[in-house]
Amino acid sequence: MANWLKYVIALASAMALMLAFRALVFSIHSVSGNGLAPLYQEGDRLLINRCSYGLRIEGNGLLPYSRLLRRPVKRGDIVAFQSEKAANGLMIARCKGVPGDTIRTLKGLLVVPGLNNCAKADYYWLEAINGLNPADSRHLGFIPERNIIGEVITVVYNRQQIHLP
């Protein structure tokens, strides 16, 4: 085998591993809008741990949806979840209600206990951090666990951190 071919194979293998790691373990999401202010600003890039609640197995019709090494979402976790209402299909919110909780909203405020029941297994009440922009469970209703992608870990990039002369 030619010497240069070894380098090409090594480079291609490294790229394939990196892409698989990014698709299965971590992803980066760009914040759009102010629903997460003041914690996250528009333009921030967030690192999302896709395995924080277990490795998702979609199946795409061949296998049923499941998670390996499943861990439940905790109240207070900031999570990324899929939604048809979002422009890019992904939204970020804080978990306010877990299965077994009863909740009700009163003028936009979350009150526990209350009327609406999260007791249905694997459904969560997720709210935007900024209450003035409620693109969350207040409009979408309860979010099924299968729509939750993972937990937000940190801000990878922030436009305000870059100072141009």
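Residues numbered from 1 in each chain as written. Predicted model: local features only at pLDDT ≥ 70, side-chain atom pairs only at ≥ 80, totals over all residues. Heavy atoms only, no water.

Student: What is the right way to read the nonpolar core from this model?
Tutor: For soluble globular proteins, the rule of thumb is that nonpolar side chains tend to be buried together. The biggest cluster of nonpolar side chains holds twelve residues, and these are Tyr53, Val73, Val79, Phe81, Met91, Ala93, Cys95, Val98, Tyr124, Leu126, Ile143 and Ile148. Those elements giving two or more residues to this core turn out to be strand S5 (78–82), strand S6 (90–97) and strand S9 (123–127). Of the residues forming this core, the biggest block, three residues, is contributed by S6. Grouped together as the second largest cluster of nonpolar side chains are eleven residues, Tyr40, Ile48, Ala80 and Ile92 included. (Core = buried A, V, L, I, M, F, W, Y, C linked by side-chain atoms within 4.5 Å. Buried < 20%, exposed > 50% of the residue type's maximum accessible area, 1.4 Å probe, protein only. Helix = DSSP H or I, 4+ residues; strand = E, 2+ residues; numbered from the N terminus.)

Student: Looking at this structure, how should I read the packing of aromatic side chains?
Tutor: The relation between two aromatic rings is expressed through the spacing of the ring centres and the mutual angle of the planes. Evaluated as defined, the whole model comprises one aromatic pair. Here the aromatic rings of Trp125 and Phe142 are separated by 5.3 Å at their centres, their planes lie at 65 degrees, and the arrangement is edge-to-face. On the criterion of sequence distance, the pair formed by Trp125 in strand S9 and Phe142 in the loop between helix H2 (137–140) and strand S10 (143–144) is long-range, its members being 17 residues apart. On the basis of relative accessible area, Trp125 is assigned to the buried category, the value being 5%. Phe142 sits in the partly exposed class, given a relative accessible area of 26%. (Phe/Tyr/Trp six-rings, centres within 6.5 Å; stacked < 30°, edge-to-face > 60°.)

Student: What is the right way to look at a nonpolar patch on the surface in this model?
Tutor: Taken together, the side chains of Leu11, Met15, Met18 and Leu19 present a nonpolar region at the surface, about 420 Å² in accessible area. For Met15, the location among the structural elements is in helix H1 (residues 3–24). (Patch = residues over 30% accessible without salt bridge, like charges linked within 9 Å, V, L, I, M, F, W, Y side chains within 5 Å. Areas by Shrake-Rupley, 256 points an atom, 1.4 Å probe, with all protein chains shown as cover. Salt bridge = Lys/Arg side-chain N within 4 Å of Asp/Glu carboxyl O.)

Student: In this structure, what is going on with the pairing of S6? I would like to understand it.
Tutor: A large share of S6 lies buried, amounting to six of its eight residues. As defined by bridge partners, S5 adjoins S6 across five bridges and the pair is classed as antiparallel. By the bridge assignment, Val79 is partnered in S6 with Ala93. Pairing of S6 with S9 involves three bridges; the strand directions are antiparallel. In the sheet register, Cys95 faces S9, and the bridge partner there is Leu126. (Pairing = 2+ DSSP bridges.)

Student: What's the story with the sheet that holds strand S2 (residues 45–49) in this structure? I'm lost.
Tutor: Picture the strands of a sheet paired through backbone hydrogen bonds; they go either parallel or antiparallel. Here seven strands make up an open sheet; going across it, the order is S1-S2-S11-S5-S6-S9-S10 and the pairing antiparallel. Here the strands that pair on one side only, and so sit at the sheet edges, are strand S1 (26–30) and S10. Alignment of S1 against S2, held across five bridges, turns out to be antiparallel. Bridge pairing links Phe26 to Asn49 in S2.

Student: Help me out: how do you make sense of the pattern of salt bridges in this one?
Tutor: Two side chains bearing opposite charge may form a pair once their charged atoms approach each other closely. Summed over the entire model, instances satisfying the criterion amount to one salt bridge. A salt bridge links Arg71 to Glu151, with the shortest nitrogen-to-oxygen separation between them at 3.6 Å. Pair noted here: Arg71 is in the loop between strand S4 (66–68) and S5 and Glu151 is in strand S11 (residues 148–157), with a separation of 80 residues, a long-range link. For Arg71, a relative accessible area of 29% translates into the label partly exposed.

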